[in-house]
There are 2 protein chains.
Amino acid sequence: MAEFELIQRFFAELAPRGQGVELGVGDDAALLRPPPGRDLALTLDTLVAGRHFLAGTDPEALGHKALAVNLSDLAAMGAEPAWALLSLTLPEADEHWLAAFARGLGELARRHGVALVGGDTCRGPLAVSLQLTGLVEPGKALRRDGAEPGDGIFVTGTLGDAALALRRLRTEGTAPEPLRRRLERPEPRLEEGRSLVGIASACIDLSDGLVADLGHLCDASGCGARVEAARLPLSAEVRREVEARGDWGEVLAGGDDYELCFTVPPGRLEALAASGVACTRIGEMVPGGGVAVFDEGGRPLPSLRGYDHFA
Amino acid sequence: MAEFELIQRFFAELAPRGQGVELGVGDDAALLRPPPGRDLALTLDTLVAGRHFLAGTDPEALGHKALAVNLSDLAAMGAEPAWALLSLTLPEADEHWLAAFARGLGELARRHGVALVGGDTCRGPLAVSLQLTGLVEPGKALRRDGAEPGDGIFVTGTLGDAALALRRLRTEGTAPEPLRRRLERPEPRLEEGRSLVGIASACIDLSDGLVADLGHLCDASGCGARVEAARLPLSAEVRREVEARGDWGEVLAGGDDYELCFTVPPGRLEALAASGVACTRIGEMVPGGGVAVFDEGGRPLPSLRGYDHFA
C-alpha cells in the first residue's frame, strides 16, 4: 500500500470539515482560518520507541498518548485545541497497527474537538511527531513566568503513578490496570487549564517530573519553590510504595504525570475554590531559586532531578 | 548538557521578537498572533537518517534541508513563511553537530523571515521533524485541485540533479558540487510561488519525482497530464546521463527536486510571461487521468512511479 493511500485511508476521516478547516489532508499544506481576535498556541512533541514508550506498546494507546502529551501542553497554556499535524515514522506499513493507532488518536481527538489536517508518513525506526495548534484569548494564556513569592503551589490529580507503572512493566512485565492507564492513556487536563485562566499566575504541565518542571517554572519566574512532601497527592498504590521503600524518586522525578502544576496569588484563592478545579496545595513560592522539598520534620529531601532526555 | 540548555543555547537566537511572536522557545507552547484577515498554511515533514539523507550528511546541510523541504511546501501554496517548530531526535548531544545544524537552519530561516518559536529534542535514531506555518490571503492559496484540460504544465528550474547526485554519492562516494548542492541545499521556490498566485490554476512541489507529484495534481484535479520528454528542463550533467544511458528514471521519478510544477489556463499565459517567473512548459493537461510521458517520436515512455516511502 502506497504512503499516500495510507494517509488518506486512516487519517482523512479524522479531519472533519468546519472549525476553520479550509483544506485538510492531501495538499502541500493544510489551510486554516483562525477565528478573529485569537492568539495561536503551537506545540510539537516527538515520541520515540524505547525512549518515550516501550517497543511493544499497544498502538491504540500510542495514538492516544501522542495526542495527549501535546494536548497537555495546550492545557498548561489554558488554550483550546483546534488542529493537528501528524508525522509517523514506521518500520513497516502494517494496516492493523495503523488502524489501531488511528483509533486511539481519533477517539481522543473527537473528544477534544481536534481536526487532523495534515502530515506525512515515512519508513524508519518507530517514532511519532505530532504538532498541535490551539486558540487562546490574547494576553490570557497561562505562562511559566508569572509566579511570585507568596503564591501557593498546586497540582491536579496524583503524582508518580505512570513512573511506578513503567517500573512494574519493566521489572515484572505487568502493572495494575489503573496505574497502566496513567502511563499509556494520560488524560490531558484541558478543562482545568481553561478554568485557571485569570486565576493562576503561572502554570506548567508535568511531563518530566515535578522537581524538573516546577524548576522550569521557578527559573522563568525568577523565584524558588518550597514543597512539602506530606502534602503531595498520591494514589493508594504509590503511597504504599513510598512508605515501603522510603523513596520519593518516582513521585518527584518520575515524569509522564501529565498533571498541571500551577501557582495562585493569595488574592485569588477564593476564585480558585469557586472554579471547581480539583487540586491539591503542595507548597508555596519563595524568594531565591530552585525547588526544595521538605519532609514532615522540616528536613530537606535529597535533591532530585527530573527526566532528562539526554541524561 | 541538559536538553533544556541545548534548546535555549542553539535555537533561542533563531527566534527573533516581532512578526507576531508573543512568546517563543521556553514555555509549554509558543504564542503567536496571526495578522488579521490571513489564512494559515501548515506543513510538517520528517527527515529520517538513511532514508531522506545519508547518515554522514554535513549537519549544516541537514539543518538547511529540514527547513527547505517545508518551505518548498509553502512555496507550492503561494504562502509566506512565518513560524517554525523543530523536533530533533539525536543519538547523542553533540555540541559541534548542533551548532552546525543550527547554523544551516538559521541562515535559511533568516533569508525567508522564519522565526523558530519552539519544539523539543530527544535521544534516539537521528531524525528531524520540522513544522512550518505560513500566511496566505483567504481563497488565494495555490492548491492541487484547480487544473483543467487545456491548461499548460510548467516546471521551475531543472529536474533530476538531486537524484543523479545521490546515485553518484552512493556509487562513487563523490558528486560534482553543483549537483551535490541540489541534493543537500535545495532552494525553495518561495518567490516563484507567491508570483503564481492568481495565475496558476494548480501547483505542487516536486519532492517525490515529477510523475508521482504531477500524478497527485492530476488525481486532485480530476484530469490527466501529457508530458513531452524533449521539453523537460535538464542541466548539462543530467542531459549527458540521459543521452548516455537512455534512462529517464532520475528525471521523472528521482525525487528531491524541490521545484514547482504548476498549470496555467490559456487565458493567463500572458500574465505568466509578465510575472517574470522563470519556468519551462513541459506539456498540457488532458481529459482522463494519470501522467503519460512521450518521446520525440510521440511514443509513450514506460510508466515510472515516484519515490514511495514504503516501496
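None of the values given here were measured: they were computed from a predicted structure.

Each value, and the rule that gives it
Residues numbered from 1 in each chain as written. Chains lettered and ligands numbered in written order. Predicted model: local features only at pLDDT ≥ 70, side-chain atom pairs only at ≥ 80, totals over all residues. Heavy atoms only, no water. Helix = DSSP H or I, 4+ residues; strand = E, 2+ residues; numbered from the N terminus. Rg over C-alpha atoms; globule rule 2.2 N^0.38 Å. Buried < 20%, exposed > 50% of the residue type's maximum accessible area, 1.4 Å probe, protein only. Contact = heavy atoms within 4.5 Å. Least-squares fit on C-alpha atoms with pLDDT ≥ 70 in both. Domains from an automatic or database assignment. Salt bridge = Lys/Arg side-chain N within 4 Å of Asp/Glu carboxyl O. Polar contact = N/O pair within 3.5 Å; in protein donor to acceptor, adjacent residues only side chain to side chain. Pairing = 2+ DSSP bridges. Buried area = accessible area lost by both parts, 1.4 Å probe. Nonpolar A, V, L, I, M, F, W, Y, C, P; charged D, E, K, R; others polar. Axes fitted to C-alpha atoms, helices over the stretch in contact; angles between N-to-C directions. Parallel < 35°, antiparallel > 145°, perpendicular 65-115°, else oblique. Phe/Tyr/Trp six-rings, centres within 6.5 Å; stacked < 30°, edge-to-face > 60°. Lys NZ or Arg CZ within 6 Å of the ring centre and 35° of its normal.

**Describing the overall build of chain A**
Part 1: Assigned secondary structure in chain A consists of 10 helices and 12 strands.
Part 2: In summary, chain A has a C-alpha radius of gyration of 20 Å against a globular reference of 19 Å for 311 residues, a match within 12%.
Part 3: Its C-alpha atoms put chain A at 65 × 50 × 30 Å along the principal axes.
Part 4: Within chain A, the fraction of its 311 residues that count as buried is 58%.
Part 5: Sequence-distant contacts in chain A: of pairs separated by 6 or more residues, those separated by 24 or more amount to 85%.

**Comments concerning the relation of the copies chain B and chain A**
Part 1: Expressed as a screw transformation, the operator carrying chain B onto chain A has a rotation angle of 180 degrees and an axial translation of 0.0 Å, and the superposed copies differ by an RMSD of 0.0 Å. Expressed as an axis order, the relation between the two copies is that of a two-fold axis.
Part 2: Looking at chain B, 100% of its interface residues are interface residues in chain A too, so the copies touch through the same face.

**Some details on the domain arrangement of chain A**
All names here are of chain A.
Part 1: The domains assigned to chain A are domain 1 (3-136) and domain 2 (152-294).
Part 2: Taking only C-alpha atoms, the centre of domain 1 and the centre of domain 2 are 26 Å apart.
Part 3: Counting residues at the interface gives 21 residues for domain 1, matched by 20 residues for domain 2.
Part 4: For the pair domain 1 and domain 2, the number of links is three salt bridges.
Part 5: The residue Arg-111 makes a salt bridge to Glu-187 at a minimum N-O spacing of 2.9 Å.
Part 6: Applying the counting criterion to the domain 1 and domain 2 interface returns five residue pairs in polar contact (both at pLDDT 80 or more).

**Observations regarding the pattern of salt bridges**
Part 1: Considering all chains together, one arrives at 54 salt bridges over all chains under this definition.
Part 2: Of the charged contacts in the structure, one is a salt bridge between Arg-189 of chain A and Glu-259 of chain A, with a shortest N-O distance of 2.7 Å. Within this pair, whereas Arg-189 of chain A is found in the loop between α5 (177-184) and α6 (190-195), its partner Glu-259 of chain A is found in the loop between α9 (249-253) and β10 (260-264), the two being separated by 70 residues in sequence.
Part 3: Among the residues examined, Glu-259 of chain A registers a relative accessible area of 2% and is labelled buried.
Part 4: Arg-231 of chain B is paired through a salt bridge with Glu-228 of chain B; the nearest N and O atoms lie 3.6 Å apart.
Part 5: Residue Glu-228 of chain B is classed as partly exposed on the basis of its relative accessible area, which comes to 34%.
Part 6: Ionic contacts of the salt-bridge type, sharing partners, join the residues Arg-167, Arg-168, Glu-172, Glu-237, Arg-240, Glu-241 and Glu-250 of chain A into one network.

**Examining the pairing of strand β10 (residues 260-264) of chain B**
Residue and element names in this part refer to chain B.
Part 1: With respect to burial, β10 is a largely interior element, five of its five residues being buried.
Part 2: What you see with β10 is no split at all: Leu-260, Phe-262 and Val-264 on one side and Cys-261 and Thr-263 on the other are buried throughout.
Part 3: As paired elements, strand β7 (residues 152-155) and β10 share four bridges and run antiparallel to each other. Along β10, the bridge assignment pairs Ile-153 with Thr-263.
Part 4: Sheet analysis places strand β8 (residues 202-205) next to β10, joined by four bridges and oriented antiparallel. Bridge pairing in β10 links Ala-202 to Thr-263.

**Considering the interface of chain B and chain A**
Part 1: Facing the 65 residues of chain B at the interface are 65 residues of chain A.
Part 2: A buried area of about 5,200 Å², summed over both sides, lies between chain B and chain A, and 60% of it is on carbon and sulfur atoms.
Part 3: Across the contact surface, chain B and chain A share six salt bridges.
Part 4: One salt bridge connects Asp-27 of chain A with Arg-144 of chain B, and the closest N-O pair in it is separated by 3.6 Å.
Part 5: Top contributing element to the side of chain B that touches chain A by residue count: strand β3 (residues 39-48) of chain B, with nine residues.
Part 6: The residue inventory of the side of chain B that touches chain A, partitioned by class, reads 33 nonpolar, 15 polar and 17 charged.
Part 7: Here three bridges tie strand β2 (residues 30-32) of chain A to β3 of chain B, and the two strands are oriented antiparallel to one another.

**Details of the pairing of strand β9 (residues 224-228) of chain B**
Remember that side chains alternate between the two faces of the sheet whenever the strand is regular.
All names here are of chain B.
Part 1: Sheet topology note: the β9/strand β11 (residues 280-286) ladder contains four bridges and is antiparallel. Across the sheet, Gly-224 pairs through a bridge with Val-286, a residue of β11.
Part 2: Sheet topology note: the β9/strand β12 (residues 290-294) ladder contains five bridges and is parallel. Across the sheet, residue Gly-224 finds its bridge partner in β12, namely Gly-290.

**Let's talk about the packing of helix α4 (residues 161-172) of chain B against helix α5 (residues 177-184) of chain B**
Residue and element names in this part refer to chain B.
Part 1: With their axes 8 Å apart at the nearest point, α4 and α5 run at an angle of 105 degrees to one another. For the element pair α4 / α5, the angle class is roughly perpendicular. Taken together, the residues of α5 that come into contact with α4 (itself represented by Asp-161, Ala-162, Leu-164, Ala-165, Leu-166, Arg-168 and Leu-169) are Leu-179, Arg-180, Arg-182, Leu-183 and Glu-184.
Part 2: A breakdown of the residues in the contact of α4 with α5 according to their chemical character gives seven nonpolar, no polar and five charged.

**What to know about the packing of helix α4 (residues 161-172) of chain A against helix α8 (residues 236-245) of chain A**
All names here are of chain A.
Part 1: Between α4 and α8, the least distance of the axes is 9 Å, while the angle of their chain directions is 70 degrees. Put simply, α4 runs roughly perpendicular to α8. Across from Asp-161, Leu-164, Arg-167 and Arg-168 in α4, the residues of α8 making contact are Glu-237, Val-238, Glu-241 and Arg-245.
Part 2: Considering only residue class, the contact of α4 with α8 consists of two nonpolar, no polar and six charged.

**Observations regarding the packing of aromatic side chains**
Part 1: What the rule picks out here adds up to four aromatic pairs over all chains.
Part 2: Over the ring of Phe-294 of chain B we find Arg-226 of chain B, and its NZ or CZ is 3.9 Å from the ring centre.

**Considerations on the sheet that holds strand β5 (residues 115-123) of chain B**
Part 1: If you walk across this open sheet you meet the six strands as β1(A)-β2(A)-β3(B)-β6(B)-β4(B)-β5(B), and the pairing is mixed. Of all the strands in the sheet, the pair left with one neighbour each is β1 (21-23) of chain A together with β5 of chain B. Mean inter-strand twist for the sheet, computed between neighbouring axes without regard to direction, equals 20 degrees.
Part 2: Two strands pair when backbone bridges link them, and strand β4 (residues 80-90) of chain B and strand β6 (residues 127-136) of chain B are joined in this way by nine bridges, in the antiparallel orientation. Bridge pairing in β6 of chain B places Glu-80 of chain B opposite Leu-135 of chain B.

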